[in-house]
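# Analysis of the macromolecular model
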Amino acid sequence: MALDIDKHLGVLPAALEVRGRRTELLATNLANADTPQYKARDLDFREALAAATGPGTQGRRLALDTTQPRHLGGASSAHAADAALKYRVPLAPALDGNTVDAQLEQAEFAENAVRYQATLTFLSSRFRSLMTAITGQ
């Protein structure tokens, strides 16, 4: 009997990739908190996960974000994860045009880190159950 590991792991690997992408975006926002005219970006997790696990994407990883078509990966920056990218609406925009709210970004970063760790825990549990099934212990 063949084991389909992708079916057993479910949506967790894709969720981990989307959480990692969101971590990068939030870190970029925090790094540019003092950059004039910088627009804070975030992604809609549900939308990005749906794009990553939608029909015809089973087993396919999110494409690399490239700036030129000749970069490795060959995809343009208009891939599935970019569809979920949004600009954050500032509560109190700065006079220099920057829309990063450092406290909000830090809170979102911390929440995303907790959810990333939870996804890792669930994924680890799935692997443990596979190892138990394989070894019979």
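Refer to the structure above for everything that follows.
Report on the accompanying structure.

### Things to note about the overall build of the protein
Secondary structure summary: the protein contains five helices and two strands in total. Overall, the protein shows an N-to-C arrangement of helices and strands of α-α-β-α-α-β-α. Split into buried and exposed, the 137 residues of the protein put 28% on the buried side. Restricting to contacts in the protein with at least 6 residues of sequence separation, those with at least 24 account for 74%. Of the accessible surface of the protein, which amounts to about 9100 Å², a share of 59% is contributed by carbon and sulfur atoms.

### Focus on the environment of Ala 102
Mapped onto the elements of the fold, Ala 102 is located in helix 5 (residues 102-135). The partly exposed category is assigned to Ala 102, whose relative accessible area is 33%. Remark: the alpha-carbon pair of Ala 102 and Asp 34, spanning 68 residues in sequence, is separated by 9.5 Å.

### Notes on the packing of helix 2 (residues 12-31) against helix 5
Contact pair helix 2 / helix 5: the axes reach a minimum separation of 9 Å and the direction vectors enclose 160°. Taken together, the axis directions place helix 2 and helix 5 in an arrangement best described as roughly antiparallel. In the crossing of helix 2 with helix 5, the sense of the turn from one axis to the other is left-handed. Split by residue class, the contact of helix 2 with helix 5 holds 13 nonpolar, six polar and six charged.

### Focus: helix 5
Here helix 5 spans 49 Å end to end across 34 residues, near enough to the 50 Å set by a 1.5 Å rise per residue. All buried positions along helix 5 are accounted for by Glu 105, Glu 108, Asn 112, Thr 119, Leu 123 and Leu 130. Downstream of helix 5 by a residue or two, Gly 136 has a phi angle that is positive, lying close to 75°.

### Digging into the packing of aromatic side chains
Any two aromatic rings considered together are summarised by their centre-to-centre distance and by the angle between their planes. Here the structure, examined in full by the defined rule, presents zero aromatic pairs. Arg 19 extends its terminal NZ or CZ atom over the ring of Phe 45, reaching a point 3.8 Å from the ring centre.

Conventions and cut-offs
- Residues numbered from 1 in each chain as written.
- Predicted model: local features only at pLDDT ≥ 70, side-chain atom pairs only at ≥ 80, totals over all residues.
- Heavy atoms only, no water.
- Helix = DSSP H or I, 4+ residues; strand = E, 2+ residues; numbered from the N terminus.
- Buried < 20%, exposed > 50% of the residue type's maximum accessible area, 1.4 Å probe, protein only.
- Contact = heavy atoms within 4.5 Å.
- Areas by Shrake-Rupley, 256 points an atom, 1.4 Å probe, with all protein chains shown as cover.
- Axes fitted to C-alpha atoms, helices over the stretch in contact; angles between N-to-C directions.
- Parallel < 35°, antiparallel > 145°, perpendicular 65-115°, else oblique.
- Left-handed = near helix turned anticlockwise from the far one by under 90°.
- Nonpolar A, V, L, I, M, F, W, Y, C, P; charged D, E, K, R; others polar.
- Expected span 1.5 Å × (residues − 1).
- Phe/Tyr/Trp six-rings, centres within 6.5 Å; stacked < 30°, edge-to-face > 60°.
- Lys NZ or Arg CZ within 6 Å of the ring centre and 35° of its normal.

That's the geometry; what it means functionally is another story.
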